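Architecture and fold: a report
For reference, the chains in residue letters:
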Amino acid sequence: MLHFDNSMNDNIHDSTQETSPVFRTLGLTKIYEMGEVKVHALRGIDSELYAGELVVLLGASGSGKSTYMNILGGLDRPSSGEVYYGDQDLTHATESELTEYRRQHVGFVFQFYNLIPSLTAIENISIVTEISENPMHPQEALELVGLADRMDHFPSELSGGEQQRVAIARAIAKKPTVLLCDEPTGALDSETGCLVLSAIEQINKELNTTTAVITHNISIGNMADRVIHLADGQISNVEENPDKIHAKDITW
Amino acid sequence: MQRTLHGEPVKTINRKLFRDLQGTWGQALAIIMVIAAGTSTFIMSITTYDALVNTRDAYYRDYRFEDVFASLNRAPESLLEVIQSIDGVDKVESRVIASAKLTVEDFSEPILGQVVSIPDIGEPSVNRLYLLQGRFPDSVRDDEVILNEVFANAHQLVPGDSLEMIIKGRLETLRVVGIALSPEYIYQVAPGAIMPDFKRFGVMWMSRDAVGKAFDMDNAFNNIALTLQSGINAKDVIVELDLILEPYGGRDAQEREWQISHRIFKSDIDQLEQMAGMFSSIFLGVAAFLLNIVVSRLINTQREIIAALKAFGYSNFDIGLHYLGYVGIIVTIGLMTGLAAGIWLGQALSGLYMEFYRLPYMEFELRLSILTIAVLITFIAASVGTLFAVNRAVKLPPAQAMQPEPPAKFRKSMFEKLALFQSLPQMSRMIIRHLSRKPVKASLSIAGIALACAILVVGTFFRDALEFLIDIEFGLAQREDMTVVFTEPSSRNAYYNLMNMDGVLYGEIFRSVPVRLVNSHKTYLTSINGFQQEQDLHRQLNTQHQAIKIPEQGILLTDYLGEILGVNVGDEIELEILEGRRPVEKLRVAGLVNQYFGIGAYMNINSLNRMMREDDLISGVYLKIDSDYEQQIYDELKDMTRVANYESNRHIVQAFNDTSAEMVYIFVGFIFSLAVIITFGVVYNTARIALSERSRDLASLRVLGFTRGEISFILLGELVVLTLIAIPVGMLIGRILSWYMIQEIPKEIFRLPLIIEYSTYAISATVVIIASILSGLVVRNRLDHLDLISVLKTRE
């Protein structure tokens, strides 16, 4: 049930420098049991993500894209199949290995920001940098997203776009190997969304962080190196995007 | 950057902790109140009990309270050496103790005085006096007395005042030279009485020489008090002492356990111990339970934040620690407050008791083990609640936890299919659905409020039970106005003399002899009262509170005495009479008497006199009098040499209210206040948590066009439903706890019936309802300021 064949796979491999993939998944499936009903969120996904690339995962709601990303990020485990981060087997990692993995390597950006309401912008970042090994200074992270002047504001005093940029700063402050963004613009208007996407793009470029952005918004695919289409728990199509455009030029 | 004392930067996660505390201060405060009330009840109760026991022990030791005592008719002073030489005896004091009628200026009622001799020179070696004012009597003067403080205070007598004593018809004037306390008379109780009466019975000390002259006891004594060397068994000494005293009319030497003051005091302390133990464990248990619920629900509201922290790479351990810290701070503040309040209240309550029992000093001390128990129980309860909630939160995969909760599964319950439900407006349906959808949560809320209501009931019911007891005992059982006791068993003439007095309406004779009741190795020392078959004034009641006829044959026992001796109706029991010819007889138990107050054995007066092989003798008469003649009767009785004592039931009830009942009320008053605090803490928390759990739904409803009043109705309606269910449940639990307390409380002086008046239930319900209304107002205020936009912005 593979949806991109070996030739395509080789093709991708060839086109993205001679590096080993950051992520590799084999036959990934995920079944949620909701009472008596079983929901097949993922139905066998084989994929690879490469260092430094910006991938957009496109799919309608219910396509399984969030589940896929949660598994990559070590927040969830597959029902079957395998997932590797470099050489590390995340499928069989213990709870504490996953925690350590998230702590050191993964930066998350969520649709609803999930800032801690009782902490200021800068504190929302330092709560993460304090537990990682080689973080940047929280203020530096805020500067990267252009919010250094709002560092002492509480989330309730920030607009939605600002909150999401703080969330991005929080995600990248630990200098993660991968940045996983789940519908980062889902709750934002087009203009603010562009600002947020620009921030993500800038991080990807400047820090060379492997970045995956989940969205149901086709336009966002334009800023990606590659676009992976998901439908019904399967990869339906993978597009190379040699003519990617700047995030600020995206409109929807 | 903020730094701690050790120079390390304050971790951001700790800053979150403090901010969260600030943000939830209302709830935190309510939890602190619950913990503080729980621990302070625990500490107050136990330290008070400890203080009383320690003080009593120290007082007994320092003032050489007798270990063994005996009374006899008359023995020469030379016998003292023989007694001193008994193995194991430490100090011995020979004394003369005699009764006399007293007159105090401005007090017209009868007073019975007990004169106790003290050595002419030096202090008594046993039962020493704690002199509060004045001095010891001068041995060359024979009219100087020291008064027991309670008696002196009751009549406001001070050194320099005088009072009159009637000895064998002679009137003597005594001068008060000192006021003292004695371990022997902590409870100053007249012989044969069970309750102290400070005004109408007084103990006083006179020099041996003076007492000897007044009562014809020169160089003789009629009472022995001694202390034992440590590790000596009192029983062995008693056997020898009885042998020595037998020829001198010795009446069974007794251990301290049987000393009346000690016995009542001990019963009070035991009662306090039981109440302290019960209340403190109930309160601490309830507080712990509530803490557990409240904490776990509070953490539940942080579910998404926990998920986010997990996503950032915080381990379950880190998160657990974080919330333990949060709860730990609340608990610590609660414990410190409770500890401080507990010590303060304990000192206040001990002080009241010290005053109440007229103890010369107070040994107040907080046992480390008590402190440790309070700290451990509270922390364990809090930690279990926290960890349980955190564990549940971290178990959920973070990805899922951050999703908005899926619409809860609703199924139509049986109830909803009823036509009644169908006819309810939509909002009422929502209330019922929400409660029935989360039955566990709803039951926990109900349990919390119900427990609060229950401790209010337990804290109040004592008054009902005590009042009921007095109503039955003095309204239905002991209906006489007055009891007259003769100096010695007398003929019927004494009865007729009383009947001829003006104002005496009716009288009933009785004969009373001291007895030891024996059933195999169970024994009990009491008196056996002989009555005529039909009693109209002084009656024995059955469980339905109906009068029982005194049987021709056999003996009636107080129900509790039957329990002590392990005998039932129809069983045989042995009677060792401790007076006259001291016959030993076996009698069948003909019935049990339902008696809440005191302990006794009852039989037909003629059978009793036959058993004693004596004539038709009476010990006293129960009288019904015309209240207009009360004073005149007192005056006449005072002058009758044959009359040893007369006391009115009114005074007994008053004395009971002033002493044992008062002891209970003081304690219960403290307890009730603490129960009120707990109630408020619980109800407020229930309301606040409901608010934080539902605010999103309610804001959505507001957006849909519901008014503030309507959403308040939904949330507060839930609180009302919970409260209304909880109150009857709480009453039931309160009744069960009260029943349990009654079982555990010492029963020797009185036995509480399980009587809880409607008013007690009403008071408890009212407190809960007021707490609900106040909490509802706070919540209502919050609901009015619900931020609709932000709620909708962060959620789809």
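What comes next concerns the included structure. What you see as residue numbers is a count from 1 along each chain, following the sequence as written. The order in which chains are written sets their letters, starting at A; the order in which ligands are written sets their numbers, starting at 1. Restriction of local features to residues with pLDDT of at least 70 applies here, the model being predicted, together with a cutoff of 80 or more for giving and counting side-chain atom pairs; totals for whole chains, interfaces and linings are based on all residues. Side-chain descriptors were evaluated using all non-hydrogen atoms of the structure, hydrogens and water having been removed beforehand.

1. Here we look at the overall build of chain A
Within chain A, the secondary structure is distributed over seven helices and 10 strands. Between the two quantities, the radius of gyration covers C-alpha atoms and the globule rule is 2.2 Å times the number of residues to the power 0.38. For chain A, whose C-alpha radius of gyration is 18 Å, the value lies close to the compact-globule estimate of 18 Å for 252 residues. Projected onto its principal axes, the C-alpha positions of chain A cover 50 × 40 × 40 Å. What makes two residues a contact is simply this: any of their non-hydrogen atoms within 4.5 Å. Considering only contacts within chain A whose residues lie at least 6 apart along the sequence, 71% involve residues at least 24 apart. Secondary structure elements are taken from DSSP: a helix is a run of H or I of four residues or more, a strand is a run of E of two residues or more, and numbering for both begins at the N terminus.

2. A closer look at the sheet that holds strand β8 (residues 210-215) of chain A
All names here are of chain A. One open sheet accounts for six strands, arranged β6-β7-β8-β3-β9-β10; its pairing is mixed. Bordering the open sheet on either side are β6 (106-109) and β10 (234-240), each of which pairs with just one other strand. Across the sheet, the mean angle from the axis of one strand to that of its neighbour is 20°, orientation sign disregarded. Strand pairing requires that DSSP identify at least two bridges connecting the strands. In the sheet, strand β3 (residues 54-59) pairs with β8 via five bridges, with the strands oriented parallel. Across the sheet, residue V56 finds its bridge partner in β8, namely V213. Where helices are involved, their axes are fitted lines through C-alpha atoms of the stretch in contact, as for all axes, and angles between N-to-C directions lie from 0 to 180°. Lying over the sheet, helix α2 (residues 65-72) contacts β3, β6, β7 (178-182), β8 and β9 (226-231), oriented at roughly 155° with respect to β7. Running at roughly 170° to β6, helix α6 (residues 160-172) makes contact with β6 and β7 of the sheet.

3. Remarks on the environment of Y758 of chain B
Along the polypeptide, Y758 of chain B turns up in helix α23 (residues 758-784). For the pair Y758 of chain B and D464 of chain B, spaced 294 residues apart in sequence, the C-alpha to C-alpha distance is 9.6 Å.

4. Considering the environment of N222 of chain B
Residues and elements named next belong to chain B. With respect to the element layout, N222 can be found in strand β10 (residues 220-228). A C-alpha to C-alpha distance of 21 Å links N222 and V485, two positions 263 residues apart in sequence. Among all residues touching N222, those that are not within four sequence positions of it are A70, S71, L72, N73, R95, V96, I97 and M217. Here the side chain of N222 touches I97 through a polar contact of 2.8 Å, landing on its backbone nitrogen. Counting of polar contacts relies on pairs of N or O atoms within 3.5 Å, with two restrictions inside protein: one atom must be capable of donating a hydrogen and the other of accepting it, and residues adjacent in sequence are counted only when both atoms are side-chain atoms.

5. Quick notes on the interface of chain A and chain B
If you look at the interface, chain A gives 25 residues, while chain B gives 28 residues. Across the chain A to chain B interface the summed buried area is about 2,500 Å²; carbon plus sulfur atoms make up 58%. A salt bridge links R15 of chain B to E123 of chain A; the shortest N-O distance between them is 2.8 Å. Inspection of the chain A/chain B interface yields 11 residue pairs in polar contact (both at pLDDT 80 or more). Elements represented by at least two residues in the side of chain A that touches chain B include exactly α3 (95-105) and α4 (121-129) of chain A. Gly falls in the polar group here, along with every residue not listed as nonpolar (Ala, Val, Leu, Ile, Met, Phe, Trp, Tyr, Cys, Pro) or charged (Asp, Glu, Lys, Arg). Looking at side-chain class alone, the side of chain A that touches chain B contains 11 nonpolar, six polar and eight charged residues. Buried area adds together the accessible area that both of two parts lose upon being put together, with accessible area traced by a 1.4 Å probe. Between Lys or Arg on one side and Asp or Glu on the other, a salt bridge is scored when a side-chain nitrogen of the former is within 4 Å of a carboxyl oxygen of the latter.

6. Re the sheet that holds strand β2 (residues 89-95) of chain B
All names here are of chain B. On the basis of which strands lie adjacent, the open sheet formed by four strands has the order β2-β10-β1-β11 and antiparallel pairing. The sheet is open, and its two edges are formed by β2 and β11 (251-255), each paired on a single side. Within this sheet the neighbouring strands show an average axis-to-axis angle of 25°, counted without direction. Bridging between strand β1 (residues 68-76) and β10 involves six bridges; their strand directions are antiparallel. The partner of S71 across the bridge, within β10, is N223. Lying on the sheet, helix α6 (residues 234-245) is in contact with β1, β2, β10 and β11; it crosses β11 at an angle near 160°.

7. Structural notes on the state of the cysteines
Residue and element names in this part refer to chain A. Cysteine sulfur atoms are paired as a disulfide whenever they come within 2.5 Å of each other. All chains considered together, the criterion is met by zero disulfides over all chains. A disulfide-free cysteine, C181 has its sulfur positioned 15 Å from the sulfur of C194, the nearest such atom. Exposure remark for C181: the relative accessible area of 0% places this residue in the buried category. Whether a residue is buried, partly exposed or exposed follows from its accessible area with a 1.4 Å probe, protein chains only, as a fraction of its type maximum: under 20%, in between, or over 50%, in that order. Overall, the relative accessible area of 10% leaves C194 in the buried class.

8. A word on the pattern of salt bridges
All names here are of chain B. The full count for this structure, using the stated rule, is 37 salt bridges over all chains. Note that R358 and E149 form a salt bridge whose closest N and O atoms lie 3.7 Å from each other. Of this pair, R358 sits in the loop between α9 (316-357) and α10 (368-395) while E149 sits in helix α4 (residues 149-154); the two residues are 209 residues apart in sequence, bridging distant segments of the chain. A relative accessible area of 17% places E149 in the buried class.

9. Details of the packing of aromatic side chains
Residues and elements named next belong to chain B. Between rings of Phe, Tyr and Trp, where Trp is taken as its six-membered ring, a pair exists when centres lie within 6.5 Å; planes separated by under 30 degrees are stacked, by over 60 edge-to-face, and by other angles tilted. Throughout the structure, instances matching the rule amount to 19 aromatic pairs over all chains. Seen in terms of ring centroids, F474 and F597 are 5.7 Å apart; in terms of plane orientation they differ by 70°. Their pairing is edge-to-face. Of this pair, F474 sits in helix α15 (residues 439-477) while F597 sits in the loop between β19 (584-593) and β20 (601-604), and the two are 123 residues apart along the sequence. Residue F474 shares its accessibility class with F597, and that shared class is buried. By way of ring pairs, the aromatic residues Y59, Y63, Y130 and Y361 are connected into one cluster.

10. What about unusual backbone geometry?
Even without a glycine there, the phi angle at D232 of chain A is positive, about 55°. Of note, D232 of chain A is situated in the loop between β9 and β10. The phi torsion at H545 of chain B lies on the positive side, around 65°, for a residue other than glycine. Positionally, H545 of chain B belongs in the loop between β15 (540-541) and β16 (547-548).

11. Considering the nonpolar core
By size, the foremost hydrophobic cluster in this structure holds 107 residues, and its most contacted members are Y353, Y357, F462 and F667 of chain B. Residues lining this core come from more than one domain, with at least three contributed by each of domain 1 (265-337 + 368-404 + 412-467 + 661-793) and domain 2 (472-658) of chain B. Apart from residues no more than four positions distant in its own chain, F462 of chain B is found in contact with M275, F279, V664, V668, M741, I745 and L752 of chain B. The nonpolar core is taken to be a set of buried Ala, Val, Leu, Ile, Met, Phe, Trp, Tyr and Cys residues, with the residues joined through side-chain atoms within 4.5 Å. Counting 66 residues, the second-largest nonpolar core is a separate cluster that includes L75 of chain A together with L21, I319 and L335 of chain B. Domains are outlined according to an automatic or database domain assignment.

12. Some thoughts on α2 of chain A
Residues and elements named next belong to chain A. In terms of burial, α2 is largely enclosed, as seven of its eight residues are buried. For α2, the complete set of buried residues consists of K65, T67, Y68, M69, N70, I71 and L72. A positive phi of about 75° marks G74, the residue just after α2.

13. Some points on the side chain of N217 of chain A
Residues and elements named next belong to chain A. Among the secondary structure elements, N217 is positioned in the loop between β8 and β9. The class of N217 is buried, set by a relative accessible area of 14%. In this structure N217 touches L58 and W252, once residues within four positions along its chain are discounted.

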